Amino acid sequence: MDIKAIEQRLKQKRDELLHRAERLHRDVHHREEPVEKDFAEQAVELENLEVLLELDRETRAELQNVLEALARIDEDEYGACRVCGEDIEPARLEALPYVQTCVRCAEAAEKQP
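As the structure is a computational prediction, the values presented were derived from the model and not from experiment.

Concerning the pattern of salt bridges
Then, in step 1: In total, this model carries 10 salt bridges according to the counting rule given.
Then, in step 2: Note that Lys-13 is salt-bridged to Glu-62, the shortest N-O span being 3.5 Å. One end of the pair, Lys-13, is in helix 1 (residues 3-29); the other, Glu-62, is in helix 2 (residues 39-74), and 49 residues separate them in sequence.
Then, in step 3: When its relative accessible area of 24% is taken as the criterion, Lys-13 is described as partly exposed.
Then, in step 4: Taking relative accessible area as the criterion, Glu-62 reaches 18% and is therefore assigned buried.
Then, in step 5: Among the charged side chains, a network of salt bridges with common partners joins Lys-13, Glu-16, Arg-20 and Glu-62.

Here it is in structure tokens:
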């Protein structure tokens, strides 16, 4: 497994997510248009705001995962499952370079209520 290549991908993903989070923040918090007087239009704007807020939440969660993966690389702990300590499958890391658990532990966690 090429840790340097994965680290580079994670850094690119970090930069992309930071840019996306900045744009979403700007869209949510720096609205310059006056509030629409029409009730139906206000409802649509509220729905749009809810979508933007959910996108912001998801972006920040993914960014946190990427930052944690970069920290694990720095600490020479990258690729080890956070639950069982076994190596995470290389194909899994290739697909999701910020994943923290092996398939077995991830599946066990999904089965828990």
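Section: the nonpolar core
Then, in step 1: Among the nonpolar cores identified, the biggest contains 16 residues, and Leu-10, Val-66 and Tyr-78 are the most heavily contacted of them.
Then, in step 2: For this core, the secondary-structure elements that each account for two or more residues are helix 1 and helix 2.
Then, in step 3: Looking at this core element by element, the count peaks at 5 residues for helix 2.

Considering a negative patch on the surface
Then, in step 1: Where like charges cluster on the molecular surface, the negative patch consists of Asp-74, Glu-75, Asp-76 and Glu-77.
Then, in step 2: Here Glu-77 is to be found in the loop between helix 2 and helix 3 (90-95).

Looking at the side chain of Thr-59
Then, in step 1: Assignment of secondary structure puts Thr-59 in helix 2.
Then, in step 2: Once you skip the residues sitting within four places of it in the chain, Thr-59 turns out to touch Leu-17, Arg-20, Ala-21 and Leu-24.

Observations regarding the environment of Leu-52
Then, in step 1: Assignment of secondary structure puts Leu-52 in helix 2.
Then, in step 2: Using a relative accessible area of 21% as the deciding quantity, one classes Leu-52 as partly exposed.
Then, in step 3: With 28 residues separating them along the chain, Leu-52 and Leu-24 place their C-alpha atoms 6.6 Å apart.
Then, in step 4: Once you skip the residues sitting within four places of it in the chain, Leu-52 turns out to touch Leu-24, Asp-27 and Val-28.

Details of the state of the cysteines
Disulfides are covalent bonds that connect the sulfur atoms of two cysteines.
Then, in step 1: Evaluated as defined, the whole model comprises 0 disulfides.
Then, in step 2: Distance from the sulfur of Cys-84, which forms no disulfide, to the nearest cysteine sulfur (Cys-81) is 3.7 Å.
Then, in step 3: Note on Cys-84: relative accessible area 32%, which makes it partly exposed.
Then, in step 4: Cys-105 provides the cysteine sulfur closest to Cys-102, a residue in no disulfide bond, and the two sulfurs are 3.6 Å apart.
Then, in step 5: The buried category is assigned to Cys-102, whose relative accessible area is 2%.

What counts, and at which threshold
- Residues numbered from 1 in each chain as written.
- Predicted model: local features only at pLDDT ≥ 70, side-chain atom pairs only at ≥ 80, totals over all residues.
- Heavy atoms only, no water.
- Salt bridge = Lys/Arg side-chain N within 4 Å of Asp/Glu carboxyl O.
- Helix = DSSP H or I, 4+ residues; strand = E, 2+ residues; numbered from the N terminus.
- Buried < 20%, exposed > 50% of the residue type's maximum accessible area, 1.4 Å probe, protein only.
- Core = buried A, V, L, I, M, F, W, Y, C linked by side-chain atoms within 4.5 Å.
- Patch = residues over 30% accessible without salt bridge, like charges linked within 9 Å, V, L, I, M, F, W, Y side chains within 5 Å.
- Areas by Shrake-Rupley, 256 points an atom, 1.4 Å probe, with all protein chains shown as cover.
- Lys, Arg positive; Asp, Glu negative; His and termini not counted.
- Charge placed at Lys NZ, Arg CZ, Asp CG, Glu CD.
- Contact = heavy atoms within 4.5 Å.
- Disulfide = S-S within 2.5 Å.

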